[in-house]
Amino acid sequence: MDEQNIRKMVEQMVEQMINGGGNQVKTITNQTPAGQATAAATPVSSECLPDITKIDLKSWFLVDHPKNKEEYLHMKSKTPARLGVGRAGARYKTMTMLRVRADHAAAQDAVFSDVSEDFIKKNNFVFVKTLCKDKDEYLTRPDLGRRFGKEEQEIIKKTCGQNPKVLIIVGDGLSSSAVEANVEDMIPAIKQGLSMYQINVPPSIFIKHARVGAMDDIGQITDADVICMLVGERPGLVTAESMSAYICYKPKHGIPESKRTVISNIHRGGTTPVEAGAHAAELIKRMLDKKASGIDLNKV
Amino acid sequence: MREELLSVGIDIGTSTTQLVFSKLMIENIASNFSVPKVVIVDKEIIYRSEIYFTPLRSPTEIDGTKVKEIIEGEYKKAGIEKTGINTGAVIITGETARKENAKEVLETLSGFAGDFVVATAGPDLESIIAGKGAGAHVYSKEGRTGVVNIDIGGGTSNLALFDHGEVKDTGCLDVGGRLVKIDKNSGEITYLSEKMKELIERKNLPLRVGTIATKENLQPILDAMVYALMQSVGIRPMDDEFSLFITHKEGEEVTKFTCDETIKNSCPITSITFSGGVADYIYGEDRAADEFEYGDIGILLGQAIKTSPLCKELKVLKSVETIRATVVGAGTQTMEVSGSTITYTKDAFPIKNLPILKLSKEEEESAKSMEQAISTKLNWFKLEGNLQKVAIAFEGSKTPSFVQVSEYAKGLLAGMKELMEQEFPFIILVENDMAKVLGQSMYRMLEYKKDVVCLDSIHVEDGDYVDIGKPVAEGTVLPVVVKTLVFNK
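Each value, and the rule that gives it
- Numbering of residues starts from 1 in each chain and follows the order in which that chain's sequence is written.
- Going through the entries in the order they are written, you letter the chains from A and number the ligands from 1.
- Side-chain atom pairs in this predicted model are given and counted only at pLDDT of 80 or more, local residue features only at pLDDT of at least 70, and totals for whole chains, interfaces and linings cover all residues.
- UniProt positions are given in the numbering used here, feature names are shortened, and annotations may be inferred rather than shown by experiment.
- The secondary structure listing takes helices from DSSP runs of H or I that are at least 4 residues long and strands from runs of E that are at least 2 residues long, numbered from the N terminus.
- Around each residue's C-beta, the other C-beta atoms within 10 Å are counted; 20 or more make the residue buried, 12 or fewer make it exposed, and counts in between make it partly exposed. All C-beta atoms are placed from the backbone.
- Contacts are defined on C-beta atoms placed from the backbone: any two residues whose C-beta positions lie within 7 Å are in contact.

- As annotated in an unreviewed UniProt entry, chain B carries the name Reactivating factor of Adenosylcobalamin-dependent ethanolamine ammonia lyase and is attributed to Anaerocolumna aminovalerica.

- Per an unreviewed UniProt entry, chain A carries the name Ethanolamine ammonia-lyase small subunit and comes from Anaerocolumna aminovalerica.
- Quoted verbatim from the Pathway (unreviewed entry) field of the UniProt record, the comment on chain A reads "Amine and polyamine degradation; ethanolamine degradation."
- Of chain A, the UniProt comment under Subunit (unreviewed entry) reads exactly: "The basic unit is a heterodimer which dimerizes to form tetramers. The heterotetramers trimerize; 6 large subunits form a core ring with 6 small subunits projecting outwards."

See the structure below:
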């Protein structure tokens, strides 16, 4: 089987798992090379394999004959680290190995996939992209991920107006999955919180191939008072869906990182997006009042 | 940003009245890169009062004036002003809670002791507070095991079962040192509680008021008490005799005691701690010179427990506090802090004695079911047709979407319409972390015209009451005391 064939097969299997039905099973077996005729002869079950990434790591316990399973689980409940995975000889068990690879694959997907166009449309985001041509350039040239071309600058100007009080913008960053998992719950919470102070925000911009520094360019272009940028965090093996909110008073080119306030770890297992949004709204209000952000905010 | 809160604990028990002052340290332990998380990081007792006999005006009445004098004197001795007190609790325990003027005395005292000093009573809470004051919950948490604390005071023995640090059950028995009182000089029995009289009758013992007490003629009483304690922790089988010792709780048809079953079914215990005045004679090495030094059977009871199977079949752990366990518990274990992302639109605290209306998991299913459940249950909180202030509590989803939070807000507001007409504040206690967004949602739906208090990370049940104190830690959190207000009759 060449690489393309394998890829096709995996794609179909995944599609089948998602649809949950057995309709596609036949097509897969049909495409199995003739040399593996046994596979076709085996009775085909319509059941899906369970999705191993759905298993909760904190309660997944693979040690054989534990002395005190309950206590081990108690320790495990405090961390998603892969403790208590048991072993086969000197190595992991197959399940552990598969899970690590599945999580790693999810992390890579989060980086290399794009936030879908449907998602951007559904949320009425205005689409712009940085100077990066593609993902490879995005990963190798952080500087380009912080700046916009002439055309994009015009779109930003038109969308945000001049000297807006607050902008909420979204960047894919290193995890498109994080953006798709969290912004729909977080943005309404921020907007609701801001409306308490009679602050309205212009439509949100979505930035493809975005680094956090992209907010500085937008600040430069619009002279916004506060920009709140939601951006996907570099995914790890625990979650690929963690997002951060970087909030900055008057971001401009060359602003020191210490002037950004960040709320990190926004995901299902961390700070929930709704609560993070409500908190962000109050932070933004404080920044407007104190005309400061980052560590300066703690001084005043 | 460490902040110190000064806390007072006052215990008015069957035999003794005491007070402690302690410092509670609170701090934001979250990193700069996340939402704040303010917790109590340390507790330190800075002053312990003398131990006074609880002044009584008559066998059925507490001498409120004398109690107040004692407290006033101790504030002065400690050099602490009432205005400096941030929090604390006055607890009235054991038989004292059954005195006619218990409620009145308690309320006067809590107001006198400080602005946010709560008044509590009720044997369940008493058990828990004493158990925590004795340190049983810490042993149980650190040893990852089941531990029972028995707080043996003058009138009652309060049991608290802890498993892995969590309270599993409580119980109360009429076993105590001052159920039989003896004249120190003459050795005559001067008082027998009703339960003791019944016990004496059942066992046909030659003991009456006026009888000269000796260790020997009291022995059957002591044996019966110790045996009941053994039954209560499940190391001896239950029998009909046991029911005599169960403390009757107000509002209950039949007197219930469930600790032994809980131990058998879900909370196996390995260790035992003792607190209360009698505990000193369980742990104590020396024999008191005079067994009737305190004019009661406390010393003998302690010695009887010490040599009983209670201390042989269970591992005895040294409690942190003995006679002061309840007062220390009241001073250091009653206050919690709310979650650190919460909503309050106006600082109108403290709010005291708020009853809880708790929704079940099914009831919080949809906005409609929340509305219905709240408006129905609000009727329970009507006194002669008038609605009182009430706080609505529910658990909520761990990871709610914005749409779901809006649903919660809608359901809550619709259900609380009647409260709105009464101009009562909207007070919500949600268990999972969402109080800031939920409070903001409600506030928006009220068009920012009505005030909202929405707190999270506080666990309450139907029948509880809460007190909410003034904001601390730069306004990020509110101190909360969850309590019961059950007076024994």
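Here the narrative resumes, following the displayed structure.
**A word on the UniProt feature "binding site: adenosylcob(III)alamin" (unreviewed entry) in chain A**
All names here are of chain A.
In step 1: Mapped onto this structure's residue numbering, the UniProt feature "binding site: adenosylcob(III)alamin" (unreviewed entry) falls at V212 and E233. Spanning 22 residues, the named residues form one tight spatial group whose C-alpha atoms are at most 10.1 Å apart.
In step 2: Within the secondary structure layout, V212 lies in the loop between β3 (205-208) and α10 (214-222).
In step 3: Its 20 C-beta neighbours within 10 Å are what place V212 among the buried residues.
In step 4: Setting aside chain neighbours within four positions, we find V212 in contact with M229, V231 and Y246.

**Some words on the environment of V10 of chain A**
In step 1: With respect to the secondary-structure elements, V10 of chain A resides in helix α1 (residues 3-19).
In step 2: Placed 215 residues apart in sequence, V10 of chain A and D225 of chain A show a C-alpha to C-alpha distance of 49 Å.

**Notes on unusual backbone geometry**
In step 1: Cis rather than trans, the peptide bond between F349 of chain B and P350 of chain B has omega equal to 0°.
In step 2: Here the phi dihedral of Q198 of chain A falls at roughly 55°; this positive angle occurs in a residue that is not glycine.
In step 3: You can see Q198 of chain A is positioned in the loop between α9 (176-195) and β3.
In step 4: In this structure Q198 of chain A comes out as exposed when scored by C-beta crowding, with 7 C-beta atoms within 10 Å.
In step 5: Of note, the phi angle at S457 of chain B is positive, near 60°, even though the residue is not glycine.

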